[in-house]
Amino acid sequence: MRIVVQKFGGTSVASPENRALAVKKIKAALEQGYSPVVVVSAMGRRGESYATDTLIALAREVYKDIAPRELDQIMCCGEIISAVTMTATLQAEGINAVMLTGGQAGVTTDNNFNNARILKVDPTRLINLIKAGKLPVVCGFQGISLDGELTTLGRGGSDTTAAALGAALNAELVEIYTDVDGIMTADPRMVSNAKILDCVSYSEVCQLAHQGAKVIHPRAVEIVMPKSIPLVVKSTFSDAPGTLITNIFPENTEGDAVTDRIATGVTYLSDIAQIKIDVANDNSGQSSSKVFNLMAANGISVDLINVLPGQIMFTVGEGFADQARAKLAQMGYQSTVVPDCAKVSVVGGGMREVPGVMASFVEALADNDIGILQTVDSHTSISALIRKADIQKAVTALHEKFTLSN
Ligand code: ADP
Ligand code: ASP
Ligand code: MG
């Protein structure tokens, strides 16, 4: 059995015309001798009738603080509507398609509503359907917990479903069909001359995704990586080959990095607040452990951490800034909150041990009068905290500086 998992995102299933294009991709896989397993997202984007954001808005209009469990029930409806519609489209074409919810397809999760983690995938039912000549159409983004609760996997989680099914079925390939021709050197909505990347390593894509490239969910990449199952991100709307995510590179590349490029892409994350705490008067030697334990105890996740003599700096999601400041004040720490920040990052497996990368990074920002509030780097990325108002300028300047444009 040569299995391919084909995942179609929101725009790919939004209208009869788009679904007809998706069906063409499924038929092409059948013609090549594959047994396809189709995974679908909810139909359309924000504002469209059955899109996830529309369903959330519907519930929150009634009660802004609706419980996470109930929110999951309504969010699951988006993928159910989409999977039924796609199944009907395939059946009308004479294809023996069968619709399955996440739970029916064997996806078991923990009980963390709105952001559940997959605990296991039992592929038995899918395998039996395939052996019986059926084509399963599975609801992405959802699972069922051990105690029978419907759960969702976090926004963008249909990619995660596709990857998890691919791993459980030992698929030859997982295809992520979307509305762009592949993973690009920057978000094309921000940089008009961004380029499609032909081939990227799992770890580079994970970094790009964690640092804000919303084209693929990072969990999806993490799930297929240990089994080295290739992922391809491509468009439903063209015949472009897309971006291959793999560990096995064509010639002139080696190991984990594509060696002929220093930078692979530029990303950004917005809606961040910087918190600066003066700890000069705390002689206990415990200030950083007290501060970070306090954040953890309140479920506040922190990033861009700098611990300096007399000062601690870090960032939190904008929505957590007031809570963080209040909790710190209760503990006797005065903090300054800098709101409306963003993190811009340059990611590239090839920047490891290359001198001058940081110099180019800060020069690009300085030449465009973009103030840096903080920086952080790893072997394969450099990030700066900047003002949110400077995002467009910063992403464009870095994209230009690292010669990523077309
Ligand atoms: P889908 O509904 O198909 O899952 P998404 O909206 O989740 O689609 O992801 C596709 C979108 O990701 C594109 O329309 C594009 O605007 C955005 N995007 C952000 N960063 C990148 C990037 N580096 N490369 C390609 N697309 C990106
Ligand atoms: N429909 C879900 C969302 O909008 C999952 C997905 O599209 O991947 O987040
Ligand atoms: Mg998506």
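Quantities reported herein were computed from a predicted structural model and do not represent experimental measurements.

A. Representation of the environment of Lys401 in the model. Structurally, Lys401 can be placed in helix α11 (residues 391-401). Its relative accessible area of 31% is what places Lys401 among the partly exposed residues. When the C-alpha atoms of Lys401 and Phe361 are compared, they prove to be 7.7 Å apart, with 40 residues separating the residues in sequence.

B. Spatial organisation of the packing of aromatic side chains. Tallying each qualifying case throughout the model produces two aromatic pairs. Ring geometry for Phe8 and Tyr177: centres 4.9 Å apart, planes at 10°, overall stacked. Remark: Tyr177 occurs in strand β9 (residues 173-178) and Phe8 occurs in strand β1 (residues 3-8); sequence separation between them is 169 residues. Judged by relative accessible area, which is 0%, Phe8 ranks as buried. What makes Tyr177 buried here is its relative accessible area of 3%.

C. Summary view of the UniProt feature "domain: CASTOR ACT" (unreviewed entry) in the protein chain. This chain's UniProt record puts "domain: CASTOR ACT" (unreviewed entry) on residues 338-400. In the segment residues 338-400, helix accounts for 33% and strand for 35%; the C-alpha atoms at its two ends are 28 Å apart.

D. Local environment of helix α2 (residues 52-62). If you check which residues of α2 are buried, you get Thr52, Leu55, Ile56 and Ala59. One side of α2 carries all its buried residues, which in axial view fall inside an arc of 100°. As for α2, its buried residues are in contact with α3 (68-92).

E. Seen up close, the UniProt feature "domain: Aspartate/glutamate/uridylate kinase" (unreviewed entry) in the protein chain. UniProt's entry tags residues 3-235 with the feature "domain: Aspartate/glutamate/uridylate kinase" (unreviewed entry), counted in the numbering of this structure. Note that residues 3-235 is 37% helix and 21% strand, and that its end C-alpha atoms are spaced 20 Å apart.

F. Molecular detail of the environment of Gly10. Its place among the elements puts Gly10 in the loop between β1 and α1 (16-31). Between the C-alpha atoms of Gly10 and Arg46, which are 36 residues apart in sequence, the distance is 9.9 Å. Residue contacts for Gly10: discarding those within four places in its chain leaves Ser41, Ala42, Met43 and Gly44.

G. Quick look at the site of ligand 2. The immediate surroundings of ligand 2 are formed by Ser41, Ala42, Thr52, Glu79, Phe141, Arg155, Gly156, Gly157 and Ser158. One nitrogen or oxygen atom from the main chain of Gly156 is found 2.8 Å from an oxygen atom belonging to ligand 2. Starting from 270 Å² of accessible surface for ligand 2 in isolation, the protein chains cover 85%. Residue composition of the shell around ligand 2, grouped by class: two nonpolar, five polar and two charged.

H. Focus on the site of ligand 1. The local shell around ligand 1 holds 18 residues, among which Arg45, Thr178, Asp179, Met184 and Arg189 are the closest. Lys7 places a side-chain nitrogen or oxygen 3.1 Å from an oxygen atom of ligand 1. Between ligand 1 and the protein, one listed contact pairs an oxygen atom with a backbone N or O atom of Gly10 at 3.0 Å. For ligand 1, whose accessible area on its own is 570 Å², the fraction buried by protein is 89%. Taken together, the residues of the shell around ligand 1 break down into eight nonpolar, four polar and six charged.

I. Region of interest: the sheet that holds strand β4 (residues 107-109). Across the sheet, which stays open at both edges, the four strands sit in the order β5-β4-β7-β8 with mixed pairing between neighbours. Looking along the sheet, the strands with just one partner apiece sit at the ends: β5 (118-121) and β8 (150-152). Recorded for the sheet is a direction-independent mean angle of 45° between the axes of neighbouring strands. Relative to strand β7 (residues 142-145), β4 runs parallel, the two sharing two bridges. In the strand pairing of β7, Thr108 is matched with Ile144. Across the face of the sheet, α3 comes into contact with β7 and β8 while running at roughly 75° to β8. Each of β4, β5 and β7 is contacted by helix α5 (residues 158-168), which is oriented at about 40° to β5, the strand it contacts most.

J. The arrangement of the packing of α1 against α3 in detail. The contact between α1 and α3 brings their axes to 10 Å, and the two run at 65°. For the crossing formed where α1 meets α3, the hand is right-handed. Note on element contacts: α3 touches α1 through Thr85, Met86, Thr89 and Leu90, opposite Arg19, Ala22, Val23 and Ile26. Taken together, the residues of the contact of α1 with α3 sort by class into five nonpolar, two polar and one charged.

K. Main features of the pairing of β9. The element β9 is largely enclosed, with a buried count of six among its six residues. The sheet contact formed by β1 and β9 spans five bridges and is parallel. Paired with Val4 across the strands is Leu173, a residue of β9.

The rules we used
Residues numbered from 1 in each chain as written. Chains lettered and ligands numbered in written order. Predicted model: local features only at pLDDT ≥ 70, side-chain atom pairs only at ≥ 80, totals over all residues. Heavy atoms only, no water. Helix = DSSP H or I, 4+ residues; strand = E, 2+ residues; numbered from the N terminus. Buried < 20%, exposed > 50% of the residue type's maximum accessible area, 1.4 Å probe, protein only. Phe/Tyr/Trp six-rings, centres within 6.5 Å; stacked < 30°, edge-to-face > 60°. UniProt positions renumbered as here; feature names shortened; annotations may be inferred. Arc of directions from axis to C-beta. Contact = heavy atoms within 4.5 Å. Near = heavy atom within 4 Å. Polar contact = N/O pair within 3.5 Å; in protein donor to acceptor, adjacent residues only side chain to side chain. Areas by Shrake-Rupley, 256 points an atom, 1.4 Å probe, with all protein chains shown as cover. Nonpolar A, V, L, I, M, F, W, Y, C, P; charged D, E, K, R; others polar. Pairing = 2+ DSSP bridges. Axes fitted to C-alpha atoms, helices over the stretch in contact; angles between N-to-C directions. Left-handed = near helix turned anticlockwise from the far one by under 90°.

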